[in-house]
Amino acid sequence: DAGVTQSPTHLIKTRGQQVTLRCSPKSGHDTVSWYQQALGQGPQFIFQYYEEEERQRGNFPDRFSGHQFPNYSSELNVNALLLGDSALYLCASSLRLLSGRQPQHFGDGTRLSIL
Amino acid sequence: QQQVKQSPQSLIVQKGGISIINCAYENTAFDYFPWYQQFPGKGPALLIAIRPDVSEKKEGRFTISFNKSAKQFSLHIMDSQPGDSATYFCAASRRAGSGGGADGLTFGKGTHLIIQP
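On a predicted model such as this, the values are computed, not experimentally measured, just so you know.

### Focus on the overall build of chain B
Here comes step 1: The number of helices and strands found in chain B is zero helices and 11 strands.
Here comes step 2: Scanning chain B from its N terminus toward the C terminus, one meets helices and strands in the order β-β-β-β-β-β-β-β-β-β-β.
Here comes step 3: Taken against the 2.2 N^0.38 rule, which gives 13 Å for 117 residues, the C-alpha radius of gyration of chain B at 14 Å falls within 12% of a compact globule.
Here comes step 4: Structurally, chain B occupies a C-alpha span of about 50 × 30 × 25 Å along its principal axes.
Here comes step 5: Burial status across chain B gives 46% buried among its 117 residues.
Here comes step 6: Counted over contacts in chain B with a minimum sequence separation of 6, partners at least 24 positions apart contribute 54%.

### Here we look at the sheet that holds strand 6 (residues 56-59) of chain B
Strand pairs in the sheet, formed through backbone hydrogen bonds, run parallel or antiparallel to each other.
Residues and elements named next belong to chain B.
Here comes step 1: Reading across the sheet, the five strands line up as 1-3-8-7-6 and stay open at both edges, with antiparallel pairing between neighbours. Here the strands that pair on one side only, and so sit at the sheet edges, are strand 1 (4-7) and strand 6. On average, each strand axis in the sheet is tilted by 15 degrees relative to the strand beside it, whichever way the strands run.
Here comes step 2: Sheet analysis places strand 6 next to strand 7 (residues 62-67), joined by four bridges and oriented antiparallel. Bridged to glutamate 56 within strand 7 is serine 65.

### Quick notes on the nonpolar core
Here comes step 1: By size, the foremost hydrophobic cluster in this structure holds 24 residues, and its most contacted members are B:Phe33, B:Trp35, B:Phe73, B:Leu75 and B:Tyr88.
Here comes step 2: Elements with a contribution of two residues or more to this core: strand 2 (10-14), strand 3 (19-25), strand 4 (33-38), strand 5 (45-50), strand 7, strand 8 (72-77), strand 9 (86-92) and strand 11 (111-116) of chain B.
Here comes step 3: The dominant element in this core, judged by the number of residues it contributes, is strand 9 of chain B, at four residues.
Here comes step 4: Excluding residues that lie within four positions of it along the chain, B:Phe33 makes contacts with B:Tyr25, B:Ile48, B:Ala49, B:Ile50, B:Pro52, B:Ile64, B:Phe66, B:Phe73, B:Ala91 and B:Ala92.
Here comes step 5: Grouped together as the second largest cluster of nonpolar side chains are 20 residues, A:Cys23, A:Val32, A:Phe47 and A:Leu112 included.

### A look at the interface of chain A and chain B
Here comes step 1: Contacts between the two partners involve 23 residues from chain A and, on the opposite side, 24 residues from chain B.
Here comes step 2: Interface of chain A and chain B: buried area, both sides summed, is about 1,900 Å²; carbon and sulfur atoms make up 50% of it.
Here comes step 3: In this assembly, chain A and chain B are joined by one salt bridge.
Here comes step 4: Across the salt bridge formed by A:Asp108 and B:Lys42, the nearest N and O atoms sit 3.7 Å from each other.
Here comes step 5: Applying the counting criterion to the chain A and chain B interface returns five residue pairs in polar contact (both at pLDDT 80 or more).
Here comes step 6: Looking at the side of chain A that touches chain B, the elements with two or more residues in it are strand 4 (31-37), strand 5 (44-50) and strand 9 (87-94) of chain A.

Criteria and cut-off values
- Residues numbered from 1 in each chain as written.
- Chains lettered and ligands numbered in written order.
- Predicted model: local features only at pLDDT ≥ 70, side-chain atom pairs only at ≥ 80, totals over all residues.
- Heavy atoms only, no water.
- Helix = DSSP H or I, 4+ residues; strand = E, 2+ residues; numbered from the N terminus.
- Rg over C-alpha atoms; globule rule 2.2 N^0.38 Å.
- Buried < 20%, exposed > 50% of the residue type's maximum accessible area, 1.4 Å probe, protein only.
- Contact = heavy atoms within 4.5 Å.
- Pairing = 2+ DSSP bridges.
- Axes fitted to C-alpha atoms, helices over the stretch in contact; angles between N-to-C directions.
- Core = buried A, V, L, I, M, F, W, Y, C linked by side-chain atoms within 4.5 Å.
- Buried area = accessible area lost by both parts, 1.4 Å probe.
- Salt bridge = Lys/Arg side-chain N within 4 Å of Asp/Glu carboxyl O.
- Polar contact = N/O pair within 3.5 Å; in protein donor to acceptor, adjacent residues only side chain to side chain.

Below, the structure is given as structure tokens:
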């Protein structure tokens, strides 16, 4: 049973460029959340997708956008890259439950470096 | 505004000892409190989680203690082993609404734990 998979593992971009990161959720999961983890910090919530729609968004600018596909996989797009966007980008998947207390399972992330 | 405060920032414990990490939250709407373990180069892995209607939950060597009135919760690692050396994060979330699901997790800043042999 494959867990959450993310690609690529590492990426180097320059300021002003655009980047797309990809995530395949754990089998059986229907909700994907994206997080940004700066070095030495805890992950920060970017947004969450369920039924191909953005359901909730953290405190991130519109340069950050996403998409969820019918097979539940997801993409994170970042436009006009800034040096401060250098971070580990984590994808987490979960199964949407009425109780709301579903555990989120994380992938190993994409390390994005901006030069 | 940091909604989940975690302490200490770093912790050194002797092998066989008890490791204790504390977290405090501000948002009383939070109703799910997980702890994650992260090794270098890896994503966070869920260790154990608790709901606010329970004061303690134990899974193997890991125990969460929860104090709803104080808005605090803690992770205790009994018989700490060198393999437990990692960064630990507390987190919290709330229900998204009547339609189910939950908001994104709010994480603490992490505790770098070192278990000395």
